[in-house]
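Structure assessment
Here are the chains, one letter per residue:
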Amino acid sequence: MAHQTPDLIARRRHLRLDCLCLLLLILSACSSSDQVEQQSRTAASASQTVMMTLDAWAAGAAPTTYTVDTLQSIGKTLADAGAQIRSAQTSEPAEQASLTKAVYDLSVAVALAEAGLQAGDRPEVQDAQQDLRLASRSLATAYAKYFAPKP
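We now turn to the structure provided with this report. (Residues numbered from 1 in each chain as written. Predicted model: local features only at pLDDT ≥ 70, side-chain atom pairs only at ≥ 80, totals over all residues. Heavy atoms only, no water.)

Of the regular secondary structure elements, the protein holds four helices and zero strands. Ordered by position from the N terminus, the helices and strands of the protein form the series α-α-α-α. Looking at the protein as a whole, 30% of its 151 residues are labelled buried. Relative to all contacts within the protein whose residues are 6 or more apart in sequence, the contacts with residues 24 or more apart total 71%. (Helix = DSSP H or I, 4+ residues; strand = E, 2+ residues; numbered from the N terminus. Buried < 20%, exposed > 50% of the residue type's maximum accessible area, 1.4 Å probe, protein only. Contact = heavy atoms within 4.5 Å.)

The structure is reproduced here in structure tokens:
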């Protein structure tokens with residue numbers, strides 16, 4: 001076994017430390033993208049849940065109390081998803097901002113629907129449903145741009 005000089009040992013430690021830092025940097029970039037993807041999917045799923053719940057309410061198949069409770073829960077989910085998307089470290093700030101805006105718009109539409117339900121204002125709920133559809137399309141577009149292959 002060859003004798004290792006202190007200089008060689010120190011260089012190996014620095015090399016390992018450099019490799020570890022590079023690995024952590026790569027993993028953090030991947031985990032941010034994964035976080036954005038997961039939260040975007042959560043927002044899309046929440047949007048679909050709200051639309052189905054409001055459709056059931058409009059058809060008389062879901063009671064108002066249940067519908068309001070569902071929207072309140074979804075509103076919290078969307079707020080959390082938006083915060084996590086906004087706080088992710090990303091190399092795509094414009095696309096990230098578009099995703100954050102779409103999730104915010106979903107949250108606003110859910111809040112408007114909830115207010116309409118509590119007030120017994122069916123036209124307000126219908127307007128909120130339209131806003132929800134538009135925000136869902138915006139989310140899908142922003143998601144596609146964020147995860148589109150980069151040249």
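In this section: helix α2 (residues 64-87). Look at α2: 34 Å from first C-alpha to last across 24 residues, which is about the 34 Å you get at 1.5 Å a residue. The set of residues buried in α2 consists of T67, V68, T70, L71, I74, L78, A81, G82 and I85. (Expected span 1.5 Å × (residues − 1).)

Its location among the elements puts L106 in helix α3 (residues 93-119). For the pair L106 and G75, spaced 31 residues apart in the sequence, the C-alpha separation amounts to 8.6 Å. Setting aside anything within four residues of it in sequence, one finds L106 in contact with A43, S47, L78, L132, A135, S136 and L139.

Before going further, it helps to spend a moment on the packing of α2 against α3. Where α2 contacts α3, the two axes come as close as 9 Å, and the packing angle between them is 160 degrees. Overall, the two elements α2 and α3 adopt an arrangement that is roughly antiparallel. The two elements α2 and α3 cross, and the hand of that crossing is left-handed. Tallied by class, residues from the contact of α2 with α3 come to 12 nonpolar, 10 polar and two charged. (Axes fitted to C-alpha atoms, helices over the stretch in contact; angles between N-to-C directions. Parallel < 35°, antiparallel > 145°, perpendicular 65-115°, else oblique. Left-handed = near helix turned anticlockwise from the far one by under 90°. Nonpolar A, V, L, I, M, F, W, Y, C, P; charged D, E, K, R; others polar.)

This part covers the packing of α3 against helix α4 (residues 122-146). Closest axis-to-axis distance for the α3/α4 pair is 8 Å, and the angle between their directions is 165 degrees. By the angle class used here, α3 and α4 are roughly antiparallel. In this structure, α3 meets α4 at a crossing whose hand is left-handed. Residues that form the contact of α3 with α4 fall into these classes: 18 nonpolar, five polar and five charged.

Here α4 spans 36 Å end to end across 25 residues, near enough to the 36 Å set by a 1.5 Å rise per residue. Every buried residue of α4 is listed here: V125, A128, Q129, L132, A135, S136, L139, A142 and Y146.

So, on to the nonpolar core. Inside soluble globular proteins, nonpolar side chains tend to come together where they are buried. Formed by 29 residues in total, the largest nonpolar core has its most connected members in L54, L78 and L132. Every element with two or more residues in this core is listed here: α1 (6-58), α2, α3 and α4. In this structure L54 touches T67, L71, A113, L117, V125, Q129 and L132, once residues within four positions along its chain are discounted. (Core = buried A, V, L, I, M, F, W, Y, C linked by side-chain atoms within 4.5 Å.)

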